[in-house]
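Structure at a glance
Take a look at the letters that make up each chain.
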Amino acid sequence: MTDLATETRRPETTAVSYEPERQPVLTVRDLHVTFSRGGRRIHAVNGLSYTLRAGRTLAIIGESGSGKSVSVRALMGLLPPSATVRGSALLGDTELVGMSDRAMRRIRGNDISMIFQDPARSLNPTMSIGLQITEAIRTHSDLDKKAAADRAVELLKLVRLPAPERRYHEYPHQLSGGMRQRVMIAIALAADPKVLIADEATTALDVTTQAQIMELLADLQDRLGTSVIMISHDLGLAASYAHEVLVMYAGQAVEHAETNTLFRNVRMPYTKALLGAIPQLTTVPHSQLTVIGGHPPDLAALPSGCPFAPRCNRATENCRLDKPPLDEHEPGHLYACWHPYLPGSEDEPVPVDEEAVS
Amino acid sequence: MTTIETTRPQPASAVPEPILSVENLVQEFVTRGPGGVKAGVVHAVSDVSFDLFPGETLGIVGETGSGKSTLARAIIGVDRPKSGVVRFLGRDLMGLSKRDLKRARKDIQMVYQDPFGSLNPRWRVEDVVAEPLLGHTTMGRHERRERVRELLDLVGLNPDTYARRRPMELSGGQAQRVAIARAIALNPALVICDEAISSLDVLIQAQVLNLFEKLRSELGLSYVFIAHDLATVKQISDRVAVMHLGQLAEIGPAEEIYRAPRHPYTKALLDSIPGLDPETGIAKRPVPLTGEPPSPLNPPSGCRFRTRCPRAQELCAEVEPRLVEHEPGHFASCHFPLEDPATFSVDSLRGSIRSTGSAAPVVAPDEDAPGPAGVDIDADEPSPEAPDVPVAPDPPLLLGQTGEVRRGTDLL
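Please read these numbers as outputs of a predicted model, since none were measured by experiment. (Residues numbered from 1 in each chain as written. Chains lettered and ligands numbered in written order. Predicted model: local features only at pLDDT ≥ 70, side-chain atom pairs only at ≥ 80, totals over all residues.)

Quick notes on the nonpolar core
- If you look at the biggest cluster of nonpolar residues, it comprises 198 residues, and the most contacted ones within it are Ala186, Ile229, Ala238, Val247 and Val254 of chain A together with Val129 and Val224 of chain B.
- Filtering out sequence-adjacent residues up to four positions away, alanine 238 of chain A remains in contact with Ala59, Ile61, Met230, Ser232 and Val245 of chain A. (Core = buried A, V, L, I, M, F, W, Y, C linked by C-beta atoms within 7 Å. Buried ≥ 20, exposed ≤ 12 C-beta atoms within 10 Å, placed from the backbone. Contact = placed C-beta atoms within 7 Å.)

Dropping the structure here:
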């Protein structure tokens, strides 16, 4: 909107409210996911690390195929048998990687639960929504039928579904997309999980409904203290609702910081490209958007250097040879780039620093 | 504010003949319960009229179920509308026989949301693009081949690499380019894009939007560009029509619609977009509407938006608002339209608040009004350009919710 454009540039945020005192809920370290398909090994996630803290929202953003969904499905044991998961993911003290299916079933829905993009396909069309919520409650607790039904209505109230007592007996096809997503959230929250993963949870919804659902999630997080991982390709949505943002490209994190720090001091050219491609309410009709050419790399044959180098206008020879590590170059701001956009060097290729390369 | 009652919104400078004119289009579907008993009527499109001029792009925006796609389908005659007139290049499409309609459609093409769903998976790219040429032209095989290569080149696909591929071997963006090549194969006058970029990634979206722009200027195409997101439509549209539950809520020049939306629904759509300024990195958190969209089976009496409208009063339930011209070519159907922020004064703000009985404090529409909480997510950071005038705590959001005024910085 016009108000954003006219606002003068804010000073660089240097002091990051990193809040190390918040309890880590989920600690992911060097996560790798590989799929074997027809003799080819597809490296979907390549060494992803992050820490999710209590009551915080982490947004993982990236294009299709960047590995954002695969990385969270790996945590919940929801990947097909062709997938191999390596690394570590600690939920409290429990290691999720390599956990047996049986043990995972106790964790899933209980400590960590997920809402998906398409609520119509996630709900059983032949069961009333009340029964589906009751089923989720009874799977994770020893409440009797009556108590579980009461709790279900309570949950429907919590997610602000209009007329919960009546809706309890209705079927998914009788609800709108937004109401179905509310039901999905109610089911996901049935066992009061520590971590809620929203995998493109509002992508299929109208922009008006999306705003309602996101406000609901933010409100529930305030009230219940749930930690949220939100997977999205919408930078505006991530910037509006997440505390922390992690940008993924070709299965790895390329930039990671507090939301304000990241979007106000974008360093990585890929993040810059994503930002530049968002259609703005301020763009002039018939203007051309800044685009980058090329395609994400083939995940079965990743280049040895920076995976973004072939599409990057700042790339030099060493980018193609050496992969930049994801380092904390500034307090609380991690990025993987040899030639970041630094203040004062806007749009000028940074001279190659031989030491940094070697 | 001029209030000239008309039913046919026309742009300010109505010089040329419109290539497409839609008059009082109505499309209804009967739903049937068990045993084929008539259960209800879905009012998908109710009395929609607009004109489209050569070389112009009209963006049509609205929520799911607002009738945007039904309108598109009615225009090309896939589903014949219940009543109304669709005039294309001077001919009434509704009166045509099936055969003549097929011939007329040569000049209207469509691009759909899911490129993979609209491309035959067993055909090669060159066959997909050549198909319209087979049916509508007398080109020989060699000529056709050349035309296909030319078209692929035009949409940015290298013919040597892509002509022999099948849809499965393409990415989403490439597949959409093939669908676009097919759509422009017959040199149409009008291309209807039904959510053509909605399923693409943001980087690919930008590429395809740029392609649409390039084709418009090179081939002189007119577009009807349907989307659910006002932000994507902004960059491509000359005029924007906002649909709500089968009706036009607002139609006007794109810049006007975004700068000074008159219909509260348009304002709500704009407010729902999560924004992010690429320069400053400042996010704009959405301000959601309350309530569910009403069912098109049983639309509310009077104004169909009144159940969710923060400005609704008794009149809205009784009388259906008609499209009223506020600025030249800018129409909105609302009894209590929003004011143009440019002609906005403190007095009008006070008056409008009093009229709804809201006790919201008044913010001086100071030029230096700070980014309110709804705009700036970093509320802790002191605003460097904070003015000296005292500002009531959190007033912008409060005022925004009453729907009476635009938030602080919008006044700039």
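Some remarks on unusual backbone geometry
- A positive phi is found at arginine 160 of chain A, a non-glycine position, where the angle reads about 55°.
- A positive phi angle, close to 50°, is found at leucine 245 of chain B, a residue other than glycine.
- Counting through the fold element by element, leucine 245 of chain B comes out in the loop between strand S10 (239-244) and strand S11 (247-253). (Helix = DSSP H or I, 4+ residues; strand = E, 2+ residues; numbered from the N terminus.)

Looking at the pairing of strand S11 (residues 327-330) of chain A
Residue and element names in this part refer to chain A.
- Of the pairings in the sheet, the one linking S11 to strand S12 (residues 333-335) comprises three bridges and is antiparallel in character. Each residue of the ladder has a partner; that of glutamate 330, found in S12, is histidine 333.
- Adjacent in sequence and paired antiparallel, S11 and S12 are bridged by two residues, among which glycine 332 carries a positive phi angle near 75°. (Pairing = 2+ DSSP bridges.)

A closer look at helix H6 (residues 145-158) of chain A
Residue and element names in this part refer to chain A.
- For H6, spanning 14 residues, the distance from its first C-alpha to its last is 20 Å, which sits close to the expected 20 Å at 1.5 Å a residue.
- Every buried residue of H6 is listed here: Ala148, Ala152, Leu155 and Leu156. Taken around the axis of H6, the buried residues stretch over an arc of 100°, which confines them to a single face. Of the residues in H6, the exposed ones pointing more than 90 degrees away from the buried face are Lys146 and Lys157.
- Buried positions along H6 lie against helix H5 (129-140), helix H7 (164-167) and helix H8 (177-188).
- Positive backbone phi, approximately 55°, marks arginine 160, located one or two places after H6. (Expected span 1.5 Å × (residues − 1). Arc of directions from axis to C-beta.)

Focus: the sheet that holds strand S6 (residues 91-92) of chain B
Residue and element names in this part refer to chain B.
- Ordered by their spatial adjacency, four strands build an open sheet running S3-S2-S5-S6, and the pairing between neighbours is antiparallel. Either end of the sheet is taken by a strand with one partner, and the two such strands are strand S3 (38-52) and S6.
- Pairing of strand S2 (residues 20-32) with strand S5 (residues 83-88) involves five bridges; the strand directions are antiparallel. Bridge pairing links valine 26 to serine 83 in S5.

Just geometry here; none of it tells us what the structure is for.
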